[in-house]
There are 4 protein chains.
Amino acid sequence: MSNSFGSRYRFTIFGQSHAPAIGVTVEGLPSGFAPDMDALGAFLARRAPGHGKYATARKEADAPEFISGLVDGHTCGAPVTAIIRNTDARSADYDQLRRVPRPGHADYTAFVKYGPARDVAGGGQFSGRLTAPLCVAGGLALQLLAQEGISVRARVASIGGETEPAAGEKLLEEVKAAGDSVGGVIECVAEGVPAGLGEPMFGGMENRIAQAVFAIPAVKGVEFGAGFQVGHMRGSENNDPFYFDEAGPVRTRTNHHGGILGGITSGMPIVFRAAFKPTPSIGMEQDSVDLFSHENVKLTVQGRHDPCIVLRAVPCVEAAAAAAIYDALLESRC
Amino acid sequence: MSNSFGSRYRFTIFGQSHAPAIGVTVEGLPSGFAPDMDALGAFLARRAPGHGKYATARKEADAPEFISGLVDGHTCGAPVTAIIRNTDARSADYDQLRRVPRPGHADYTAFVKYGPARDVAGGGQFSGRLTAPLCVAGGLALQLLAQEGISVRARVASIGGETEPAAGEKLLEEVKAAGDSVGGVIECVAEGVPAGLGEPMFGGMENRIAQAVFAIPAVKGVEFGAGFQVGHMRGSENNDPFYFDEAGPVRTRTNHHGGILGGITSGMPIVFRAAFKPTPSIGMEQDSVDLFSHENVKLTVQGRHDPCIVLRAVPCVEAAAAAAIYDALLESRC
Amino acid sequence: MSNSFGSRYRFTIFGQSHAPAIGVTVEGLPSGFAPDMDALGAFLARRAPGHGKYATARKEADAPEFISGLVDGHTCGAPVTAIIRNTDARSADYDQLRRVPRPGHADYTAFVKYGPARDVAGGGQFSGRLTAPLCVAGGLALQLLAQEGISVRARVASIGGETEPAAGEKLLEEVKAAGDSVGGVIECVAEGVPAGLGEPMFGGMENRIAQAVFAIPAVKGVEFGAGFQVGHMRGSENNDPFYFDEAGPVRTRTNHHGGILGGITSGMPIVFRAAFKPTPSIGMEQDSVDLFSHENVKLTVQGRHDPCIVLRAVPCVEAAAAAAIYDALLESRC
Amino acid sequence: MSNSFGSRYRFTIFGQSHAPAIGVTVEGLPSGFAPDMDALGAFLARRAPGHGKYATARKEADAPEFISGLVDGHTCGAPVTAIIRNTDARSADYDQLRRVPRPGHADYTAFVKYGPARDVAGGGQFSGRLTAPLCVAGGLALQLLAQEGISVRARVASIGGETEPAAGEKLLEEVKAAGDSVGGVIECVAEGVPAGLGEPMFGGMENRIAQAVFAIPAVKGVEFGAGFQVGHMRGSENNDPFYFDEAGPVRTRTNHHGGILGGITSGMPIVFRAAFKPTPSIGMEQDSVDLFSHENVKLTVQGRHDPCIVLRAVPCVEAAAAAAIYDALLESRC
């Protein structure tokens, strides 16, 4: 089902932006593992609302409560469930959203799929807030991967096309002042991944990571290694020559393959990038429709929103990648 | 498992390049459906070896034999299995490949995963030849989608960066003469897809299509709608305004979202692109390793190979997309 | 994964007997459905501790809190998560159980599987208490099935071999006085189930119902229709003759097949029975082992326990069957 | 999907009784394994038609052809597909079966599910013939289990209630002479299974074995250990006392739990029984319906049939159990 990911490290996310709570159930954690709750809290803080000066003003504690699966701070083999209470009150002013979908949001497609009973408040189950439980599941995977010497780190590669942080910050100021928003690209690198993870065809590491990363709202593209640039390259240029490292393992001199060949990890770093669209919620008037009266109408989205979600999405990309890699690591031991 | 795809329209691919046969078992076909075998044959011919002057010289009939699931040419509710015999003889000269992996191929990662027992002949289970059964499963889905008024068509968007066919052809000549290869990009458009297909999060249409398309060998990136370009755009530019068409349904004036919002189809055409790396098999000498002697060695790949697989991959992309869309269509009726 | 059941109506159970909470996430509920919370509460009360005079003395409110998936009492298309807080304090006197497994319980196998970190308190994740979230998921399915004219009702068929309630009650008195326990059999009948649900082979209705029912602790056998009696019967006796009912549908004059032929429902009532072993927790001294000192030891289980769980298990059997049948009903509409 | 079983050792069965072929694709076999084809052939021969004097007269070679996944007789990591050609000609005299379903068979439920396009010849996909590919998948699992010191052996426990072979044979003579059939019970024991296989709840070994065994046509009940007898027992009698064997491992003095506690193996032999209904095809006139004319009619089934399938079903039960146990064994290594 669509709210679950993974095979051996499997988690199921639940909740909506303004439900009593959001949360996640994680199956497949090894028994006897003591999560570092401080590290997990710090990881979650990187995506929390109110993090950084360009983030939304919504403030929430976002501290997960672990209601099952832990005994004296250690996993016991049972599924681990963590919930995060939604402390912001459900607003009464979502009435307009029931009728008028916001361009670029899932309001309209949710209406088609779930009908008028769908939860419109704060984007319902489509809210970026649901990446918090993703970060719980991925944050636990990150800690387990670290025990195996595997790191997964993402960074902002560009904002609005600007690859220099200073230029990006300047652009954000402009965009925010204009009531507009801007997209960007995040790059993620996983190091220390052993060769041999993943499967051919539909179970390849690219397939799995893409399946996880496209679950983050606003992602419209995922590319590995040289990515779309391979379309411009020649084989003699793109092929990564093999050699024996002095230390022993086979390595490649370049890494256009992004650490994955035939869906299976090569032992070189996994490298991928995800493209994020600009936050659809902008302060400008936009064209939309009234789903009840069947008229074309004008919409001005209320409230304060991030001019760019890319900054907060960095840990989400790490979480998605970590979950996919740890799942494949467990599978490889069968 | 990694050789299976889909939930309600589910298929399992088997075989290796030089096994006695390759094939596919398809579950979820409606009972009483009479596949148009001529149309399926024509579809398969588009990806067959020997198709077009730049394709590999390997010749095979590639006509699928349906060994189960059909009675008098109609599906009967049982799984449909089609096999394609491999008529080219297994070459004895794959000995070098057991020792020396080809750069850019899965030879090395297959060795790590499956050990020396892996099938190296013709790339084994990683061969592009396995896209033939994918095209059988996808070709049947295309016919069923057509009955619902849904079309899925792909085309070469660029070869080696050249978007003009004439320039692309010229580049292919050069590359072939040099014993080199070149990559490209394929764009796919699905029209007539009803709004409401797909699910939130991991079951989104982007996730599903990406999972299917990354199963085609050589794909290194998948992007939807405006794709990576969204990283350069502002919200006011990227947001697609809604309006009521005269005919009734909600539409958007632009389609930067590529027909998918929140993982769910909007009723606008699904648009995506896949980046293909250059054929790794090139005629030039390359650096590699001897996995048995642990020495760095030189490798010159023998045989004749496509200088560019993008041309033959077009129906494969259609097949992958069609399977994912038809699967979601069936799910949407539950 | 092992805590999840179903394909289109899919739920995931979490929690342990003495964790902060137990609960369930249900995916696949139709949007706009308003669960009858009073009816659900009454259903849950039938399995609650303290229900009936032979049940355990543990008292708990067991009222589920719905933390996601409902808006103003209606499903919105998002997964529905309900949690039940464990209000009984975690006992400190489980130390003996860490060392000495109770015969007939999962204490020893949990130790082998999860190691010393397993949760021994109250049976941990193996506790019968985990049937409460099963009853939430199944109770919702029962309500949805009722909307389709389908009922699922179970009853105690026998206790300790006694099929007469009076004799069963007398036996329970004896057994309780002796500090012993006794097993029994529950029979379940689903009426109004349309013909055509289920699939051949591994997806048959027998397979699915058995998979669900064996998840209830203490079940050691499941049989359909004439069940094990078929081993004594002749074909001429066991075959159920078809006939056309005046009202129209095909029916059978007898129902030895229990409403399922070839894994698919026939439109006759689904009938099955589940055998429950006696509660393993008894007041008598038993032989066991000390897992740490590797010595054979004597064990006397403390606390008060049901002399017979069969009475409380009746709604659990209904819940398991309802979930399996509703899942198949949704699938049949694809 | 319904034709697939397993998680890490996963197979998909295809074919119908009179399709060109039946077969199976097995994923999850270790790379480098050389199946003993003679042993597999001998295993398949035990269920083949024409085996034993009470079996159907249909003669077929039933030798599987391995069309993928093997190189020089060894698995290479790719899925293994084996097909068995159906050499008996498709009979033209199945016309009556299109209209008049045989009591006790899946003819009617298949009609409801798949409509008139269903394959009626020889029972189509519901034929017992489909247990041949089950025996291929299970037979390979048996060989892999044997390498781990695990054996799975089934035997006829009773025929028509007769537990003595001589009495059973006499009964079979009578039944055959009368044109009737008779059911029976098969008991299966798996020895050498390590403790710790299986999972709680829906992934328990009882759940998995039941899911596999109910896929064998005619099975109407499955029970583990003391099975339905537990309903008659007291806890003090049913509980299996633990003790330390001299050799080291924990064992139980009795095995009423059938080697499974809490869904997880205890290290004691897995013991279960399956009840088989009498062959529905009998030589006597029976009541049925004409699905086209909507009339009640008389039916006399033509052809020669086994008076008792229990004899031939013994290897099928071993195959189903072996597949479930080997799958759990692989999972336990994650």
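This one's a predicted model, so the numbers in the text were calculated from it and none came from an experiment.

Student: Now, about the sheet that holds strand β15 (residues 270-276) of chain B: what can you tell me, with residues and values included?
Tutor: The strand order β8(A)-β9(A)-β15(A)-β10(A)-β10(B)-β15(B)-β9(B)-β8(B) describes an open sheet built from eight strands, whose pairing is antiparallel. Looking at the sheet topology across the chains shown, the edges are occupied by β8 (151-159) of chain A together with β8 (151-159) of chain B. Each strand axis lies, on average, 20° off the axis of its neighbour in the sheet, ignoring direction. As judged from the five bridges shared by strand β10 (residues 219-224) of chain A and strand β15 (residues 270-276) of chain A, these two strands associate in the antiparallel manner. Of the residues in β15 of chain A, the one forming a bridge with Phe 224 of chain A is Phe 272 of chain A.

Student: Give a detailed account of the pairing of β15 of chain A, specifying residues and quantitative values.
Tutor: Regular strands place their side chains on alternate faces of the sheet. Residues and elements named next belong to chain A. In terms of residue burial, β15 counts as a mostly covered element, since seven of its seven residues are buried. The side-chain alternation of β15 yields two buried faces, one formed by Ile 270, Phe 272, Ala 274 and Phe 276 and the other by Val 271, Arg 273 and Ala 275. Note that strand β9 (residues 184-191) and β15 share seven bridges and pair antiparallel. By the bridge assignment, Ala 190 is partnered in β15 with Ile 270.

Student: How would you explain the interface of chain D and chain A if you had to name every residue and give the values?
Tutor: On the chain A side, the residues contacting the seven residues of chain D number seven residues. Across the chain D to chain A interface the summed buried area is about 530 Å²; carbon plus sulfur atoms make up 52%. Considering only the surface of chain D that becomes buried against chain A, Arg 8, Arg 333 and Cys 334 of chain D emerge as the three largest contributors, covering 77% of it. On inspection of chain D and its partner chain A, the count reaches four salt bridges. At the surface where chain D touches chain A, the tally comes to zero residue pairs in polar contact (both at pLDDT 80 or more).

Student: Requested: an account of the side chain of Asn 207 of chain C, with residues and values cited.
Tutor: Structurally, Asn 207 of chain C can be placed in helix α6 (residues 205-213). A distance of 3.1 Å separates the side chain of Asn 207 of chain C from the backbone oxygen of Met 201 of chain C, its partner in a polar contact. Residue contacts for Asn 207 of chain C: discarding those within four places in its chain leaves Met 201 and Phe 202 of chain C together with Gln 211, Phe 214 and Ala 215 of chain D.

Student: Please provide a residue-by-residue account of the relation of the copies chain A and chain B, values included.
Tutor: Superposition record for chain A on chain B: RMSD 0.0 Å, screw rotation 180°, translation along axis 0.0 Å. In the structure described here, the two chain copies are related by an operation that fits a two-fold rotation axis. Most of the interface of chain A is mirrored in chain B: 100% of its interface residues are interface residues there too.

Student: Talk me through the environment of Thr 254 of chain C; I want residue IDs and the actual numbers.
Tutor: Residues and elements named next belong to chain C. Inspection of the secondary structure puts Thr 254 in the loop between β12 (250-252) and β13 (260-261). Its relative accessible area of 31% is what places Thr 254 among the partly exposed residues. When the C-alpha atoms of Thr 254 and Pro 20 are compared, they prove to be 49 Å apart, with 234 residues separating the residues in sequence. A polar side-chain atom of Thr 254 sits 2.4 Å from a polar atom in the side chain of Asp 240.

Student: For the sheet that holds strand β3 (residues 21-27) of chain C, give the residues involved together with the corresponding values.
Tutor: Residue and element names in this part refer to chain C. The sheet built from five strands is open, its strands ordered β1-β2-β3-β7-β4 with antiparallel pairing. Of all the strands in the sheet, just β1 (4-5) and β4 (65-68) have a single pairing partner and so form its edges. Judged from the three bridges that link them, β4 and strand β7 (residues 80-85) form a sheet pairing that is antiparallel. Opposite Phe 66, over in β7, you have Ala 82 as the bridge partner.

Student: How would you explain the interface of chain A and chain B if you had to name every residue and give the values?
Tutor: Listed by partner, the interface residues are 98 residues for chain A and 98 residues for chain B. Sorting the residues of chain A by area buried against chain B places Phe 202, Lys 220 and Phe 242 of chain A first, and these three jointly supply 12% of that buried surface. Remark: the boundary between chain A and chain B carries four salt bridges. The salt bridge partner of Glu 206 of chain A is Lys 220 of chain B, with a shortest N-O separation of 2.8 Å. Connecting chain A to chain B are 45 residue pairs in polar contact (both at pLDDT 80 or more). Bridge count for β10 of chain A against strand β10 (residues 219-224) of chain B is three bridges, and the pairing is antiparallel. Across the sheet, Val 222 of chain A pairs through a bridge with Val 222 of chain B, a residue of β10 of chain B.

Cut-off values and rules
Residues numbered from 1 in each chain as written. Chains lettered and ligands numbered in written order. Predicted model: local features only at pLDDT ≥ 70, side-chain atom pairs only at ≥ 80, totals over all residues. Heavy atoms only, no water. Pairing = 2+ DSSP bridges. Helix = DSSP H or I, 4+ residues; strand = E, 2+ residues; numbered from the N terminus. Axes fitted to C-alpha atoms, helices over the stretch in contact; angles between N-to-C directions. Buried < 20%, exposed > 50% of the residue type's maximum accessible area, 1.4 Å probe, protein only. Contact = heavy atoms within 4.5 Å. Buried area = accessible area lost by both parts, 1.4 Å probe. Salt bridge = Lys/Arg side-chain N within 4 Å of Asp/Glu carboxyl O. Polar contact = N/O pair within 3.5 Å; in protein donor to acceptor, adjacent residues only side chain to side chain. Least-squares fit on C-alpha atoms with pLDDT ≥ 70 in both.

Keep in mind that these numbers describe shape and distance, not what the molecule does.
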